[in-house]
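Secondary and tertiary structure notes
Here's the letter readout for the chains.
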Amino acid sequence: AFLEAGFPQDFATFQRDFEVEEIRPNANSAIMEIQVSLRDRRAATAVRKIVFYVDSKEHLLRGFKLFFRDTSEIFSSFSDVRTGVSLPDSTFEASTAGYEVEEAK
C-alpha cells in the first residue's frame, strides 16, 4: 500500500499513515533518520518498518529504507535533487509505437 500510495503530500496524511517510532540524527551529517511503522494493517503485514532520511538543513527527503517481514530490505536514495524546476510534459510521454494491446483472458 505504501508503494502504491507514494509519499504523503501533507503532514495530516503522514500522521494518518505512519506512527513515528524514533527520530535520531546521523552523526556524520545533517541527515535525520526517522523510523516509522505503518498504520495500514494490510501494508504492515509485509513491511516491518520504514526509515526516512531527511536533510534537516535543506528540508528534503534524501532517501528511505523499507524493512520487510521476510528480512529483506530496499534502500532508495535521492541525489542531485532540484527544486522549483519546471519539467516539460514530454518528460512523461512514452512512445507506444510498435506495441499492441492484448486483451486479458
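Residues numbered from 1 in each chain as written. Predicted model: local features only at pLDDT ≥ 70, side-chain atom pairs only at ≥ 80, totals over all residues. Heavy atoms only, no water.

This part takes up the nonpolar core. Membership of the largest hydrophobic core comes to 13 residues, with the highest contact counts inside it found for Phe18, Val36, Leu38, Val47, Ile50, Phe52 and Leu66. When near neighbours in sequence (up to four residues on either side) are disregarded, Val47 contacts Leu38, Leu66, Phe67, Phe68 and Arg69. (Core = buried A, V, L, I, M, F, W, Y, C linked by side-chain atoms within 4.5 Å. Buried < 20%, exposed > 50% of the residue type's maximum accessible area, 1.4 Å probe, protein only. Contact = heavy atoms within 4.5 Å.)

Next up on the list: the pattern of salt bridges. All chains considered together, the criterion is met by 7 salt bridges. Between Asp55 and Arg62 there is a salt bridge, with the nearest N and O atoms lying 3.4 Å from each other. Taking the relative accessible area as the measure of exposure, Arg62 reaches 22% and is therefore partly exposed. Overlapping salt bridges, with partners in common, bring together Glu22, Arg24 and Glu33 in one network. (Salt bridge = Lys/Arg side-chain N within 4 Å of Asp/Glu carboxyl O.)

This brings us to the side chain of Asp55. Along the chain, Asp55 falls in strand 3 (residues 47-55). Given the relative accessible area of 11%, Asp55 is considered buried. Within polar-contact distance, the side chain of Asp55 engages the backbone nitrogen of Lys57 at 2.9 Å. At a separation of 2.9 Å, a polar atom in the side chain of Asp55 contacts the main-chain amide nitrogen of Glu58. Not counting residues up to four positions away in its chain, the partners in contact with Asp55 are Ala30, Ile31, Leu60 and Arg62. (Helix = DSSP H or I, 4+ residues; strand = E, 2+ residues; numbered from the N terminus. Polar contact = N/O pair within 3.5 Å; in protein donor to acceptor, adjacent residues only side chain to side chain.)

What follows is about the sheet that holds strand 4 (residues 60-68). Picture the strands of a sheet paired through backbone hydrogen bonds; they go either parallel or antiparallel. Spatial strand order, 1-2-3-4-5: 5 strands in an open sheet with antiparallel pairing. Looking at strand neighbours, the two that pair on one side only are strand 1 (18-25) and strand 5 (73-77), the edges of this open sheet. Neighbouring strand axes in the sheet, compared pairwise and without regard to direction, differ in orientation by 20° on average. In this sheet, strand 5 lies alongside strand 4 in antiparallel orientation, the contact comprising 5 bridges. Paired with Gly63 across the two strands is Ser77, which belongs to strand 5. (Pairing = 2+ DSSP bridges. Axes fitted to C-alpha atoms, helices over the stretch in contact; angles between N-to-C directions.)

This structure, assessed with the given rule, holds 6 aromatic pairs. Ring centres 6.2 Å apart and planes at 55° place the aromatic pair Phe14 and Phe52 in the tilted group. Of the two residues, Phe14 is situated in helix 2 (residues 11-17) and Phe52 in strand 3; the sequence distance between them amounts to 38 residues. The buried category is assigned to Phe14, whose relative accessible area is 14%. Taking relative accessible area as the criterion, Phe52 reaches 1% and is therefore assigned buried. (Phe/Tyr/Trp six-rings, centres within 6.5 Å; stacked < 30°, edge-to-face > 60°.)

Right, let's get into the environment of Arg16. The topology assignment puts Arg16 in helix 2. On the accessibility criterion, Arg16 (56% relative accessible area) is exposed. Taking the C-alpha atoms as reference points, Arg16 and Arg39, separated by 23 residues in sequence, lie 7.4 Å from one another. Among the polar contacts made by the side chain of Arg16, one reaches the side chain of Asp17 at a distance of 2.8 Å.

By themselves, these are just geometric observations and shouldn't be taken as functional.
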